[in-house]
Amino acid sequence: MQKTNFTDFPKNYDYKSAEKKIAEYWESNNIYKFKNENKECSDDNSSGDFSHIFSIDTPPPYVSSAHLHVGHAMSYSQAEFIIRYKRMKGFNIFYPMGFDDNGLPTERYVEKKYKINKSKITRDEFIDLCLKETKIGISTYKELWQALGISVDWSLTYSTIDAKCRKTSQKSFIELYGKKLVERRDEPIIWCPSCRTSLAQADIAIEEFDGILFDIEFSSSSGEKLIISTTRPELLGACVAIYANPSDSRYSHLKDELIRIPIYEHTVPVKFDESVEMNYGTGLMMVCTWGDAEDVKKWKEHKLDTAIIIEPSGRLNEKARAYAGLNVKDAKKNIVEDLKKISLIKNEKKLRHNVGIHDRCSTAVEFVQTPQWFITILNNKAQFIDAGSKINWYPAFMKTRYDEWVQNIKWDWNISRQRFYGVPFPVWYCSKCGEPVIAEEDELPVDPAASKPKHVSICRVCGNNEFIPENDVMDTWMTSSLTPFINSNWANFDFDSHVNSSDNTNRKNKEIKIMPMTLRPQAQEIIRTWLFYTVVKSIYHTGDIPFKNVMISGWGLDKSGKKMSKSLGNFVAPEEIIEKYSADALRYWAAKANLGQDLRFSEEDVANGRRLLIKLWNAVRFFITNINSIKSNEDFKPIFGTASLDKLNSADLSVVDGWLLSEFQKTLKACEEYFESYEYSSALRIVSDFFYNIYCDNYLEIVKNIFWEEDASFNDRKVQSLNTMYYVSFNMLKLFAPFLPFITEELYLSFYKNFETEESIHQCVWPVYRHELINESAAKDVAVLLAVLDLSRKLRTNLNLHQNHKVKKIYVYSPDAQLMEIVRNFSTDIMSACRAEDIIISEKADFGAGGDSKIYISFES
RNA sequence: GGGCGGAUAGCUCAGCCGGUUAGAGCAUCGGCUUUACAAGCCGGGGGUCGCAGGUUCGAACCCUGCUCCGCCUACCA
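These figures come from a predicted structure and were not determined experimentally.

**Some points on the sheet that holds strand β26 (residues 807–813)**
- Spatial strand order, β27-β26-β28: three strands in an open sheet with mixed pairing. At either end of the open sheet lies a strand with only one pairing partner, and these are β27 (836–841) and β28 (856–860). Each neighbouring strand pair of the sheet contributes to a mean axis angle of 25°, computed without reference to strand direction.
- Both β26 and β28 contribute to a ladder of five bridges, which runs antiparallel.

**Considerations on the pattern of salt bridges**
- Summed over the entire model, instances satisfying the criterion amount to 43 salt bridges.
- One salt bridge in this structure joins Arg520 and Asp57, with 2.7 Å as the shortest N-O distance. Of this pair, Arg520 sits in strand β22 (residues 517–523) while Asp57 sits in the loop between β1 (53–55) and α2 (70–88), placing them 463 residues apart in sequence. Asp57 matches Arg520 in its accessibility class, with the two residues each being buried.
- Where Asp386 meets Lys390, a salt bridge forms, and the shortest distance between an N and an O atom there is 3.2 Å. Remark: Lys390 and Asp386 occur in helix α8 (residues 381–390); sequence separation between them is four residues, near one turn of the helix.
- Overall, Lys390 belongs to the exposed group, its relative accessible area being 53%.

**Some points on a negative patch on the surface**
- A contiguous patch of negative charge on the surface is contributed by Asp124, Glu125, Asp128 and Asp447.
- Within the secondary structure, Asp128 is located in helix α4 (residues 123–148).

**Considering the protein's contact with RNA strand B**
- Around RNA strand B, a shell composed of 49 residues is seen, among which Glu277, Arg611, Lys615, Trp708 and His802 lie nearest.
- What you see for RNA strand B is that sugar and phosphate hold 67% of its atoms within 4 Å of the protein.
- Between RNA strand B and the protein, one listed contact pairs a phosphate oxygen with a side-chain N or O atom of Tyr280 at 2.8 Å.
- A distance of 2.9 Å separates a sugar or linking oxygen of RNA strand B from a polar side-chain atom of Asn408.

**Notes on the side chain of Arg770**
- Position of Arg770 relative to the elements: it lies in the loop between α20 (741–750) and α21 (776–798).
- Arg770 gets classed as buried once you look at its relative accessible area, which sits at 11%.
- Of note is the side chain of Arg770, whose polar atom sits 2.9 Å from the side chain of Glu772.
- In contact with Arg770, other than residues within four places in its own chain, are Leu645, Asp646, Lys647, Leu648, Gln665 and Tyr727.

**Looking at the confidence of the model for chain A**
- Here chain A averages 90 in pLDDT, while 94% of its residues score no lower than 70.
- Mean pLDDT across the elements of chain A ranges from a minimum in helix α16 (residues 642–645), with 80, to a maximum in strand β18 (residues 427–430), with 98.
- Here residues 38–48 scores under 50 on pLDDT; set against residues more than four positions off or in separate chains, the count is 15 contacts.
- Taken as a whole, residues 501–505 scores under 50 in pLDDT and shows eight contacts with residues more than four places along the chain or in a different chain.
- Here the complex is predicted with pTM 0.93, and the ipTM for its interfaces comes to 0.96.

**Focus: the environment of Gly569**
- With respect to the secondary-structure elements, Gly569 resides in the loop between β24 (556–557) and α13 (574–581).
- On the basis of relative accessibility, which here comes to 45%, the residue Gly569 falls in the partly exposed class.
- In sequence terms Gly569 and Leu156 are 413 residues apart; their C-alpha atoms lie 33 Å from each other.

**Comments concerning the sheet that holds strand β6 (residues 197–199)**
- If you trace the four strands from one edge of the open sheet to the other, you get β6-β5-β14-β16, paired in antiparallel fashion. Across the chains shown, the open sheet's two edge strands, defined by having one partner strand only, are β6 and β16 (413–414).
- Looking at chain direction, strand β5 (residues 182–192) and β6 are connected through three bridges and run antiparallel. Looking at β6, one finds that Cys192 is bridged to Thr197.

**As for α8**
- Every buried residue of α8 is listed here: Lys381, Phe384, Ala387 and Gly388. Seen end-on, α8 carries its buried residues on one side only, within an arc spanning 120°. Within α8, the exposed residues directed more than 90 degrees away from the buried face are Ala382 and Lys390.
- Those residues of α8 that are buried are in contact with β15 (392–394), α9 (399–408) and α12 (527–542).

**Re the packing of α4 against α13**
- Where α4 meets α13, the axes come as close as 11 Å, and the angle between the chain directions of the two elements is 30°. When you trace α4 past α13, the crossing you get is left-handed. Residues Leu144, Ala147 and Leu148 of α4 form the contact with α13, whose participating residues are Pro574, Glu575 and Ile578.

**Things to note about the nonpolar core**
- By size, the foremost hydrophobic cluster in this structure holds 143 residues, and its most contacted members are Trp145, Phe623, Phe675, Tyr695, Tyr752 and Ile810.
- The element best represented in this core is helix α18 (residues 680–703), accounting for 13 residues.
- Counting residues in hydrophobic clusters, the runner-up holds 57 residues, among them Phe173, Ile174, Phe384 and Val437.

**Here we look at helix α3 (residues 104–114)**
- Along α3, the positions that sit buried rather than exposed are Leu104, Pro105, Thr106, Glu107, Val110 and Glu111.
- Contacts made by the buried residues of α3 are with α4, β6 and β13 (345–358).
- The positive-phi residue at the C-terminal boundary of α3 is Lys115, with phi of around 50°.

**Observations concerning the packing of aromatic side chains**
- Per the stated rule, a full pass over the model turns up 53 aromatic pairs.
- Taking 4.8 Å as the distance between ring centres and 90° as the angle between the ring planes, the aromatic pair formed by Tyr85 and Trp766 counts as edge-to-face. Placement of Tyr85 in helix α2 and of Trp766 in the loop between α20 and α21 is noted, with a sequence separation of 681 residues between them. Assigned by exposure class, Tyr85 and Trp766 land together as buried.
- Measuring from ring centre to ring centre gives 5.0 Å for Phe640 and Phe755, while their planes differ by 65°; the resulting arrangement is edge-to-face. With Phe640 in the loop between α15 (603–626) and α16 and Phe755 in the loop between α20 and α21, the pair connects residues that are 115 residues apart, well separated along the chain.
- Within the aromatic cluster, the residues linked to one another by ring pairs are Phe623, Phe640, Tyr726, Phe730, Tyr748, Phe751, Tyr752 and Phe755.
- Over the aromatic face of Trp490 sits the side chain of Lys171, whose NZ or CZ is 4.2 Å from the ring centroid.

**So, the packing of helix α14 (residues 583–590) against α20**
- Packing of α14 against α20 leaves a shortest axis separation of 7 Å and a crossing angle of 130°. The angle between α14 and α20 falls in the class oblique. Contacts between α14 and α20 involve Ala583, Asp584 and Arg587 on the former and, on the latter, Pro741, Phe742 and Ile743.
- Grouping the amino acids of the contact of α14 with α20 by side-chain chemistry returns four nonpolar, no polar and two charged.

**A few points about the side chain of Glu217**
- Mapped onto the elements of the fold, Glu217 is located in strand β7 (residues 204–220).
- Looking at Glu217, the relative accessible area reads 14%, which means it is buried.
- Here Glu217 is in contact with Lys225, Leu226, Ile227, Pro262, Leu344 and Lys346, once residues within four sequence places are set aside.

Reading the values: rules and limits
Residues numbered from 1 in each chain as written. Chains lettered and ligands numbered in written order. Predicted model: local features only at pLDDT ≥ 70, side-chain atom pairs only at ≥ 80, totals over all residues. Heavy atoms only, no water. Pairing = 2+ DSSP bridges. Helix = DSSP H or I, 4+ residues; strand = E, 2+ residues; numbered from the N terminus. Axes fitted to C-alpha atoms, helices over the stretch in contact; angles between N-to-C directions. Salt bridge = Lys/Arg side-chain N within 4 Å of Asp/Glu carboxyl O. Buried < 20%, exposed > 50% of the residue type's maximum accessible area, 1.4 Å probe, protein only. Patch = residues over 30% accessible without salt bridge, like charges linked within 9 Å, V, L, I, M, F, W, Y side chains within 5 Å. Areas by Shrake-Rupley, 256 points an atom, 1.4 Å probe, with all protein chains shown as cover. Lys, Arg positive; Asp, Glu negative; His and termini not counted. Charge placed at Lys NZ, Arg CZ, Asp CG, Glu CD. Near = heavy atom within 4 Å. Polar contact = N/O pair within 3.5 Å; in protein donor to acceptor, adjacent residues only side chain to side chain. Contact = heavy atoms within 4.5 Å. pLDDT = per-residue confidence, 0-100. Arc of directions from axis to C-beta. Left-handed = near helix turned anticlockwise from the far one by under 90°. Core = buried A, V, L, I, M, F, W, Y, C linked by side-chain atoms within 4.5 Å. Phe/Tyr/Trp six-rings, centres within 6.5 Å; stacked < 30°, edge-to-face > 60°. Lys NZ or Arg CZ within 6 Å of the ring centre and 35° of its normal. Parallel < 35°, antiparallel > 145°, perpendicular 65-115°, else oblique. Nonpolar A, V, L, I, M, F, W, Y, C, P; charged D, E, K, R; others polar.

Rendered as structure tokens:
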């Protein structure tokens, strides 16, 4: 089906209709489908190739798409550049999209959107709203990613609330319980008074606040006045000890004394600990039930009394007496006033101090004590650090963040959340003695609130036959930390009994052998959560790392350099940019920053992307429409198609063609090296430079006038050039394809596919570097031609001649005989490039680049 | 407090395992429209490479210290 009449090739690239059409083409032709070994091969000729799998542990974004902006488009595009490259390198790509919809982010989003909170609505109603928003979110995401050209296999989609994920998550819990890596403990935990749930350390951000350090007068049992500094006078009622440094001679005599607490009048012991800074305040420190992590630490180490004064609601309880019922802030205000009345506040000092806040709602967290499930972390830090160093980090410096985080963790991972929308614990408790009953794998996924234990009918401890469900849900990271397990169907989820998707072609009940996965792309702010927790799970379940490579993207910034965020309002909507400039142009912008670097949004850069598209279109159109410039010569047949062009040899071509092939090889090699090291930005730059400077500005300029020549004697030269252009333009489009998937596909489908076999340029094989095409002598010679061309352009500017004005004669001269020889050999090219009807070697040429010019030209018009 | 990243033309950035007059795009100025592209082409101007030292024949690049910006991390109550 070799078709050669391309004169009607469209003059303009209509990206709006083309991108839509192509996205549909990809979808309906399964271009990005993972070739699963279990799949019947009837729908295409692909068989499963498990030796070359490149699997991606895609970040499951939380599903409320209301926060999406071009920064997200940026980071997903950046990962996708690498993925498209790997696909063309021949890898069988496993690229799923997941949605992390269970958990607090979605709950908070629903609370805000419907102006409700979890105490004003039933659990079921709440979950229904969350599921509804989840559904909307997924479809919005999908629409945007498809418009952006993100090449995921949508049949691999999962949602962290679906049955498969619930089963995976619960199986993980059960297995860790069996390995004694998860246990229930009743101890102080970090608590968000606003979300009314316990949290893990990773959910806490530390923020600087302006506070006041109060110097409060206490008295010892022997009547001595003692000044103690604290930022939290509202916790006086919860004070359980006073601490001093053991080597602080000022206080050693207090060893056996009791200290009387102002207002509350109870007494507490004096304790000594190295950690107390003698120079801070008066060197005395008040320890309460639990004002901060330090209090918890001392409480644990020194087995202090417990005097809980803050309730989960964030209000003080009856222990606070006059301040009962007040929230922390009001209680502080009132107690300070009261202390002032009795003159016990001796000094106030403004203080910048760090307070832990819940990173989902910015509320200052407190400590409360209730039973929670914990995954052991602290005992195995060394293993996690070790795992981190077995992963390849791109960029490498991001690993520091992981190491520092792991080293600094202070708490085991609390996975209990007193919320509604999440994966339930597969756990019941004996209604009499509280002994937990853990579900078994064959009853998963299970909702303990809706069913009874399958394998246990009487409590093994007390013989009771009644069980109550665990009402907490698991931390959302408990599930998202399992993405490699979800992707590989580690839980052997049976899709046949849970049909919840119209497309199950890739969903087999068997486990897929893709662990450790090849690549984890993600954002830097979730190193301590998603990345760390995934490592934890993988080490615990498999003893191995969860993925071999991780790439960490930077942030999308607004024009002024601030991190873009929907809630701050400084965002740009990707849909609008795509509409205005095309998805390829947006992706072009996303490729401007190398991995890990922040990138400012710049509409100008997106516009530059669109310029590149237009120029690409026209450059290729020039080639295509000139195929017909070859006149009726019967024996002439241009050779097209990768198979035949691989034999292309510079010996059969003009020097200029040979030079172009040579330059392309260099570009290809560099481009490939950049891709291999995840430096996609440099990869795009080098291809663009080649396209603009070498292909358009020089090669096409030299060659284009040859195509106006009607004389049949130019046929050979035209054929050489056409073949060269086929090879170079097609392969160049392949290098552009990871960045600009739409226009490269459109050009492929409308032209190259006539001579090629693949359904899509994205399935075409990446160009193979051919060292034998490197031609340094052509490069040296063409440099002379380019010098003449450069002079011609400058001279035209000097003479106010337009670049296409045809001159009668061009005179060229050089005192260097070798140069003149090269000039003679290039006379056709010089005439073409310089728009001259004739070329004369003559000393009449007097225009040089100045200084030590070796070559001169002049015109005669 | 500790650490990481960045500071190069008006703007956004490349160059940084030392080596001829430091590059690109945008912006700016001048010129150019019949024959791929005016969402274009050609040409020009514009930088003592954050500051201060040091190593070297030679530093944007290596070393030391400092300043500013961003981020991560941290128990000074």
